Amino acid sequence: MNRMAKKVTMQHIADAAGVSKFAVSRALTGKPGVSEHTREMIVRTAGQLGYFRTEPKRYPVETPMTSAKKLLEKQQGTILILFPNIRSQNRSSLYWGPVFNGISERLNEKGMDILTLTEPSSDRMFSVLNPEAISGVITLGTISTSVLLEIYRLRIPLVMVDHEDPAIYTDTVFTDNMKCMKELVHMLVGKGYRRFQFAGQLPDAASFRERWLGYRVVLEEMQLEGKQQTDLLEQEYDQIRKSITEMKLEDIPEVIVCANDHTAVIVLEALQSRGIQVPERCAITGFDNTRTDEPILATVNINKENLGTRAVDQLLWRIKHLDKPYERKLIHSELIVRDEYNANIS
């Protein structure tokens, strides 16, 4: 595999992406001359071809990464916490707020300074930040490929929470989404449910896709595959709400498994607007335990602070072990079943 990766050239990327070699060169070096859309497409293509597996070797030995290591050994330097430029992914979020708290508390314990930044619109993030002063970066949620590549290019230690990118090779920290979702669906089958639908924004996050896969695996194993309503997998919540309100009564399943609690509340409100009893006629499950006051039959209680803490631990370990293989941390979470909401199905 390594010998194959060394053969990847800019011409190979240009051919695969359907663009000129000049455009590839401009995109991969962060220079102007290509649109943001084209840059993202070229970077993703390069990552899928394995170009970045050998790219870091082109950088000199003395880099911001090694400087960061020296700073850390003195218990100095700054850790950059990078939020995406997405309204739902910020410090006030019921999900991301506690994750950030876990990060900040651990960094305070270690005596490290924190700089919080919302993802800039341009990929030239370090034109306004001094990379020599940044010991490491933790990203929360969906960050654009171009910004991740800028961090990668500067060889700054990076840990991504709840996100991964095919173009970037780095450490990541996730909830064990597939295993937890499989546990949840097995529980539903054990309670007698047989007609399922899944609702969630699949293109939105890697975690949502993993939960969908865990859901599908159990249905296949139990030979309970039904026809999935594809419009329940839309990226926009308004479309999911519309799909529920327009669904034929005979197509409403016994249970709707949702990608997270926020989606579950949207589905719940749409069902109730039609006078459909929840959970007696249709039960709803969530994932992440952010909405405890709603009749959601089951959810998964993610220890969000712990996700942040483990991300810091991984980053500090990475700074001291620059040459070790990248790691993908999976953290198990607790299934919560609210029996008082369970429908009496026969």
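Keep in mind it's a predicted model, so treat the numbers as computed, not measured. (Residues numbered from 1 in each chain as written. Predicted model: local features only at pLDDT ≥ 70, side-chain atom pairs only at ≥ 80, totals over all residues. Heavy atoms only, no water.)

K.L.:
Help me get a handle on helix H10 (residues 237-246), residues and values and all.
P.N.:
Among the residues making up H10, those that are buried are Ile 240, Ser 243 and Ile 244. Down the axis of H10, the buried side of the element spans an arc of 95 degrees, and every buried residue falls inside it. Residues of H10 that are exposed and point more than 90 degrees away from the buried face comprise Asp 238 and Glu 246. (Buried < 20%, exposed > 50% of the residue type's maximum accessible area, 1.4 Å probe, protein only. Helix = DSSP H or I, 4+ residues; strand = E, 2+ residues; numbered from the N terminus. Arc of directions from axis to C-beta.)

K.L.:
Summarise the layout of surface pockets; cite the residues concerned and give the values.
P.N.:
Of the volumes computed, that of the largest pocket is approximately 770 Å³. Taken together, 27 residues form the lining of the largest pocket, with Ser 88, Gln 201, Tyr 237, Asn 260 and His 262 sitting closest to its centre. Of all elements in the fold, only helix H9 (206-221) and H10 reach the threshold of two or more residues within the lining of the largest pocket. Per-element accounting of the lining of the largest pocket gives the leading share, three residues, to H9. Looking at the lining of the largest pocket residue by residue, the classes come out as eight nonpolar, eleven polar and eight charged. (1 Å grid on protein atoms, 1.4 Å probe; cavity = no way out; pocket = protein on both sides within 12 Å on 5 of 7 lines; lining within 4 Å. Points joined across faces, edges and corners; volume = space filled by probe spheres on them. Nonpolar A, V, L, I, M, F, W, Y, C, P; charged D, E, K, R; others polar.)

K.L.:
So what's going on with the packing of aromatic side chains? Residues and values would help.
P.N.:
Under the definition given, this model contains six aromatic pairs. Each ring, one from Tyr 95 and one from Trp 96, has its centre 4.9 Å from the other, and the planes form 80 degrees; the classification is edge-to-face. Taking relative accessible area as the criterion, Tyr 95 reaches 9% and is therefore assigned buried. Following the ring pairs from residue to residue traces out a cluster consisting of Phe 196, Phe 198, Trp 212 and Tyr 215. The positively charged end of Arg 328 is found above the aromatic ring belonging to Phe 174, 4.2 Å away from the centroid. (Phe/Tyr/Trp six-rings, centres within 6.5 Å; stacked < 30°, edge-to-face > 60°. Lys NZ or Arg CZ within 6 Å of the ring centre and 35° of its normal.)

K.L.:
Please set out the sheet that holds strand S1 (residues 78-83) residue by residue, giving values where relevant.
P.N.:
The strand order S2-S1-S3-S4-S5-S10 describes an open sheet built from six strands, whose pairing is parallel. Of all the strands in the sheet, just strand S2 (113-118) and strand S10 (328-331) have a single pairing partner and so form its edges. Here the strands of the sheet are splayed against their neighbours by 20 degrees on average, with no regard to which way each runs. One ladder, built from three bridges, connects strand S4 (residues 158-161) with strand S5 (residues 171-175); its direction is parallel. The residue bridging Val 159 from the neighbouring strand is Asp 171, located in S5. Packed onto the sheet, helix H7 (residues 145-153) meets S1, strand S3 (134-140) and S4 and runs at close to 155 degrees relative to S4. (Pairing = 2+ DSSP bridges. Axes fitted to C-alpha atoms, helices over the stretch in contact; angles between N-to-C directions. Contact = heavy atoms within 4.5 Å.)

K.L.:
Please set out the nonpolar core residue by residue, giving values where relevant.
P.N.:
Ile 138, Leu 140 and Phe 196 are the most contacted members of the largest nonpolar core, which totals 51 residues. Counting residues per element, this core draws most heavily on helix H8 (residues 177-190), at seven residues. Those residues within four positions of Ile 138 in sequence are excluded, and the remaining contacts are Ile 79, Leu 80, Ile 81, Leu 82, Ile 103, Val 159, Val 161, Ala 311, Val 312 and Leu 315. One finds Val 8, Met 10, Ala 14 and Ala 167 within the second-largest nonpolar core, a separate group that totals 30 residues. (Core = buried A, V, L, I, M, F, W, Y, C linked by side-chain atoms within 4.5 Å.)

K.L.:
Now, about H7: what can you tell me, with residues and values included?
P.N.:
For H7, the buried fraction is high: nine of the nine residues fall into the buried class. Of the positions making up H7, those classed as buried are Thr 145, Ser 146, Val 147, Leu 148, Leu 149, Glu 150, Ile 151, Tyr 152 and Arg 153. Elements in contact with the buried residues of H7: helix H3 (21-28), helix H4 (36-49), S1, S3 and S4. Directly beyond the C-terminal end of H7, a positive phi value near 60 degrees is found at Arg 155.

K.L.:
Summarise the side chain of Asp 165; cite the residues concerned and give the values.
P.N.:
Structurally, the position occupied by Asp 165 is in the loop between S4 and S5. On the basis of relative accessibility, which here comes to 5%, the residue Asp 165 falls in the buried class. In terms of polar contacts, Asp 165 uses its side chain to reach the backbone amide nitrogen of Ala 167, at 2.9 Å. For Asp 165, the residues in contact, after removing those within four places along its chain, are Arg 44, Thr 145, Leu 148 and Met 160. (Polar contact = N/O pair within 3.5 Å; in protein donor to acceptor, adjacent residues only side chain to side chain.)

K.L.:
Pulling in residues and values, what's your account of the environment of Ile 103?
P.N.:
Residue position: Ile 103 is located in helix H6 (residues 96-109). Excluding residues that lie within four positions of it along the chain, Ile 103 makes contacts with Ile 81, Ile 138, Leu 140, Gly 308, Thr 309 and Val 312.

K.L.:
Account for the pairing of S3, with residues named and values stated.
P.N.:
Burial analysis of S3 places seven of its seven residues in the buried class, which makes it a mostly covered element. Here S1 pairs with S3 via five bridges, running parallel. Opposite Ile 79, over in S3, you have Gly 136 as the bridge partner. Of the strand pairs in this sheet, S3 and S4 are connected by four bridges, and their pairing is parallel. The partner of Ile 138 across the bridge, within S4, is Val 159. Between the parallel elements S3 and S4, the chain passes through H7 in a crossover that is right-handed. (Right-handed = clockwise from strand over helix to strand, strands pointing away.)

K.L.:
How would you explain the confidence of the model for the protein if you had to name every residue and give the values?
P.N.:
Looking at the protein, pLDDT values average 85 and 86% of them are 70 or higher. Predicted confidence for residues 54-65 stays below pLDDT 50, and this span has 21 contacts to residues more than four positions away or in other chains. (pLDDT = per-residue confidence, 0-100.)

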